[in-house]
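Here is how the chains run, residue by residue.
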Amino acid sequence: QVHLVESGGGLVHAGDSLRLSCAASRRTFSRHAMGWFRQAPGKEREFVGSMRWANGDTYYASSVEGRFTISRDRTMNTVYLQMNNVKPEDTAIYYCAAKAVGESNYNCWGQGTQVTVSS
């Protein structure tokens, strides 16, 4: 089990950049995958992107492809979501999560961090 804490959210303008962080309480095993999700007011939670911890392979939702980038710092046990050219529709609470590679569901979740993009 991995305990996760997100940070870095805030108020930004459309077109700006923001980097979110997700710190793990202990070293993440290579069998884990890390995911980023978001939930906007009145909408269901949606997938943003994911990364295999072991090799850094990433996968992104089409809505953020080319704008968002997931990276990791193995020494710091931290995964990042770099958000570039943000849009008002990116406004949401962002969550990081962890799951075992090969499993369909994420079973460890952070508390979330609010991102608000003004037009």
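Overview of the structure. What you see is a predicted model, and the numbers here were worked out from it, not measured in a lab.

Rules and cut-offs
- Residues numbered from 1 in each chain as written.
- Predicted model: local features only at pLDDT ≥ 70, side-chain atom pairs only at ≥ 80, totals over all residues.
- Heavy atoms only, no water.
- Helix = DSSP H or I, 4+ residues; strand = E, 2+ residues; numbered from the N terminus.
- Rg over C-alpha atoms; globule rule 2.2 N^0.38 Å.
- Contact = heavy atoms within 4.5 Å.
- Buried < 20%, exposed > 50% of the residue type's maximum accessible area, 1.4 Å probe, protein only.
- Pairing = 2+ DSSP bridges.

### Some points on the overall build of the protein chain
Then comes step 1: Scanning the protein chain from terminus to terminus reveals zero helices and 11 strands.
Then comes step 2: Secondary structure of the protein chain in N-to-C order comes out as β-β-β-β-β-β-β-β-β-β-β.
Then comes step 3: For the protein chain, whose C-alpha radius of gyration is 13 Å, the value lies close to the compact-globule estimate of 14 Å for 119 residues.
Then comes step 4: Here the C-alpha coordinates of the protein chain stretch approximately 40 × 30 × 25 Å along the principal axes.
Then comes step 5: Restricting to contacts in the protein chain with at least 6 residues of sequence separation, those with at least 24 account for 53%.

### Considering the pairing of strand β8 (residues 78-83)
Then comes step 1: For β8, a buried count of five out of six residues is recorded, marking the element as mostly surrounded by other parts of the structure.
Then comes step 2: Relative to β8, strand β3 (residues 18-24) is paired through six bridges, and the arrangement is antiparallel. Along β8, the bridge assignment pairs C22 with V79.
Then comes step 3: Pairing analysis gives six bridges linking strand β7 (residues 68-73) to β8, with the strands arranged antiparallel. Of the residues in β8, the one forming a bridge with T69 is Q82.

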